[in-house]
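Notes for the structure review
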Amino acid sequence: MDVKMPVWSPGYYQRLDFANSVENFQVMDDSKQVTGWRKMPGNAWRVNNRSGSLVISYDVRTSRPFVGTPYLDEERGYILPAGVFLYPEGEINHSVTLSVKPYLTWRNVATGLDSVSGKQFVYVAPDYDVLYDSPILVGNLEELPPFYVKGIPHRFIAYKPGEFDKVSFMNDLKKIVETATSLIGDIPYKHYTFIGIGPGAGGIEHLNSTTVSFNGSNLGELQNRLKMYFFLAHEYFHHYNVKRIRPIELGPFDYDNGSRTKMLWVSEGLSVYYEEMIVKRAGLCTEDELLNAFRSNILAYEGKPGRLYQSLTQASYETWSDGPFGRTGDDVNKTISYYDKGPAVGMLLDFKIRHETKNKKSLDDVMRALYKEFYQQRKRGFTEDEFRQVCERIAGTSLADVFDYVSTTREVDYKKYLQYAGLDIDTVSKNIAGGWLGISVRERKDSVFIAGVDWNSPAWNAGLRQRNLIVELDGAKPDVHAIEPILKNKNPGEKIDLLVMQGNEKKNISIVLGQKMEAPFTMSRRSAMDELQKVILESWLNDRKGF
Ligand SMILES: [Zn+2]
């Protein structure tokens, strides 16, 4: 019999090869006799299975506290099941019983798994897919005041959540959950758990739980609170969008190779779109804060030269090699992030559907239709064509113009779509003060290196590249913090002299500074709106269906 460890964990689209962290592998049969096994290539072990029942034991080496990898220290254990539990090949649909033995004085276990009644810390999963989608945090954890939506319990259990107003925080989280569930009109789980694994960055969605890096001690500040609400709304909304409303490739999962899809812009990009809409409709941010959130998405996208190179479908498909936020290193200018362009295209799609249907339908109807027709009725994900068909059926017209923004790098005409909702956007490029060189720098071992070069900038055109060492700037040894002020004080057309090391070659390069232009992409209400524009804007900002 082969037993296998997944090479990835759903929700984090990178190969992590968890089998490499397994040590001290041992197999015993019913009569406690050691049984033979051998490591197979990749993520499998072949064990001699003569007696019918086996005990396999092993250690898992862990290194960093992160939502996408298992972690253990003296204060908590984070079990990311795909990185901890082996499955018997061909038996992925087999049910699983899991017994957790907390270390010494540890008191709590947080997980989305169902517990076995009458037995402490014993859990069941109907199959390995559910097990792999249900992380477990063990330690001395704090539970925030739970809340109920439609009688269904929602818990927030965290390791060292910090000091903050926990009652009002959970009241706000309840509003987020109520707004998200009323948008789709169904709650598909019996209980939901937010699991805070401690300070850090990142979160991953799961079937009826999410694991988030969490530190509440800075939530007193409005900006931090808002960021946290967007983040939690995003992870929460994922239990619909990607777990159930999903591209056909994202389930059943391929634990040996990973599952690639061209639709992460739907699963991630539209989850960013909805995190922003949900927080607004829950009454937790203002119209200005909402428009500003979309502005940030657009600015991030428009500021990347990769927008001329990579489409949303490519960014989705290439994420396994590019990384979740696009490439770094020499190819940094060749990628975009579906976290930036995805929500922007989501907004255009929503406004177009609302405009075409006189606001009788919206992107919300698309999400509800996908949930009902694919998750509930056909019990599967949708193809790219099916996604588009549902959008166009609800819009009652072709959406070729919007889908062009998905599959090509065509320049986005924001104005056209925003005016459907009575909104305007400032796309006129303006001069940025100072001389433009187009590099970012960082210091290492007392030397200043080029960390990034803007494509087509004066620095780029003069041949400067990432990792070049700046030996002198205008005849003096450069100070990493002084470069920006120096450039600010120069004018476009003025020269800057650099002595750089490129590989082993020292070069004098004189560069004429350019003029940087940037559009602000600020969004605002138009002064004059017709009836339809008013209706669309009002319902887009505030609609809550209720069920
Ligand atoms: Zn996400």
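Everything below is about the structure printed above this text.
I will try to describe carefully the structure that is included in this document. Every value quoted in this text rests on a predicted model; they were computed, and no experiment measured them. (Residues numbered from 1 in each chain as written. Predicted model: local features only at pLDDT ≥ 70, side-chain atom pairs only at ≥ 80, totals over all residues. Heavy atoms only, no water.)

Notes on the sheet that holds strand β3 (residues 37–39)
We apply this condition: Strands are treated as partners if at least two bridges between them are detected by DSSP. What counts as a helix is a DSSP run of H or I of at least four residues, what counts as a strand is a run of E of at least two, and both are numbered from the N terminus.
Strand order in the open sheet formed by four strands is β3-β4-β1-β8, with antiparallel pairing between adjacent strands. The strands lining the two open edges of the sheet, one partner per strand, are β3 and β8 (87–88). Pairing between strand β1 (residues 2–4) and strand β4 (residues 44–47): three bridges, direction antiparallel. Bridged to Val-3 within β4 is Trp-45.

Considering the coordination of the zinc ion
Applicable threshold: Atoms are scored as donors when they are N, O or S and lie within 2.8 Å of the metal, with 3.2 Å used for Na, K and Ca; no water is included, so coordination may look incomplete.
Bound to the zinc ion on the protein side are His-234 (NE2), His-238 (NE2) and Glu-268 (OE), at distances that span 2.0 to 2.1 Å. Counting gaps between the donor residues of the zinc ion yields the pattern H-x3-H-x29-E.

Quick notes on the packing of helix α3 (residues 222–237) against helix α4 (residues 264–281)
How we decide: In this analysis an axis means a line fitted to C-alpha atoms, helices contributing only their contacting stretch, and an angle means the value between N-to-C directions, from 0 to 180 degrees. Should an angle fall under 35 degrees it is called roughly parallel, over 145 degrees roughly antiparallel, and 65 to 115 degrees roughly perpendicular, with every other angle called oblique. Take the far helix as your reference; a near helix turned counterclockwise from it by less than a right angle gives a left-handed crossing, and one turned clockwise gives a right-handed crossing. Only heavy atoms enter the contact rule, under which two residues are in contact if any of them lie within 4.5 Å. Any residue outside Ala, Val, Leu, Ile, Met, Phe, Trp, Tyr, Cys, Pro, Asp, Glu, Lys and Arg is labelled polar, Gly included; the first ten of those are nonpolar and the last four are charged.
For the pair α3 and α4, interaxial distance at closest approach is 8 Å and the crossing angle is 125 degrees. In this view, α3 runs oblique relative to α4, as classed from their interaxial angle. Relative to α4, α3 is oriented so that their crossing is right-handed. Contact residues: Leu-226, Tyr-229, Phe-230, Ala-233, His-234 and Phe-237 in α3; Glu-268, Ser-271, Val-272, Tyr-274, Glu-275, Glu-276, Ile-278 and Val-279 in α4. Broken down by class, the residue content of the contact of α3 with α4 amounts to nine nonpolar, two polar and three charged.

A word on helix α15 (residues 531–542)
Threshold: One fewer than the residue count of a helix, multiplied by 1.5 Å, yields its expected span. Relative accessibility decides the category of a residue: with a 1.4 Å probe and only protein chains considered, values under 20% of the type maximum give buried, values over 50% give exposed, and everything between is partly exposed. What qualifies as a polar contact is a pair of N or O atoms within 3.5 Å, subject to a donor-acceptor requirement within protein and to the restriction that residues adjacent in sequence count only when both atoms come from side chains.
Spanning twelve residues, α15 covers 17 Å between terminal C-alpha atoms, matching the ideal 16 Å at 1.5 Å per step. Within α15, the full set of buried residues consists of Gln-533, Ile-536, Leu-537, Ser-539, Trp-540 and Leu-541. With a side-chain oxygen positioned 3.2 Å from the backbone nitrogen of Leu-532, the residue opening α15 is Asp-530.

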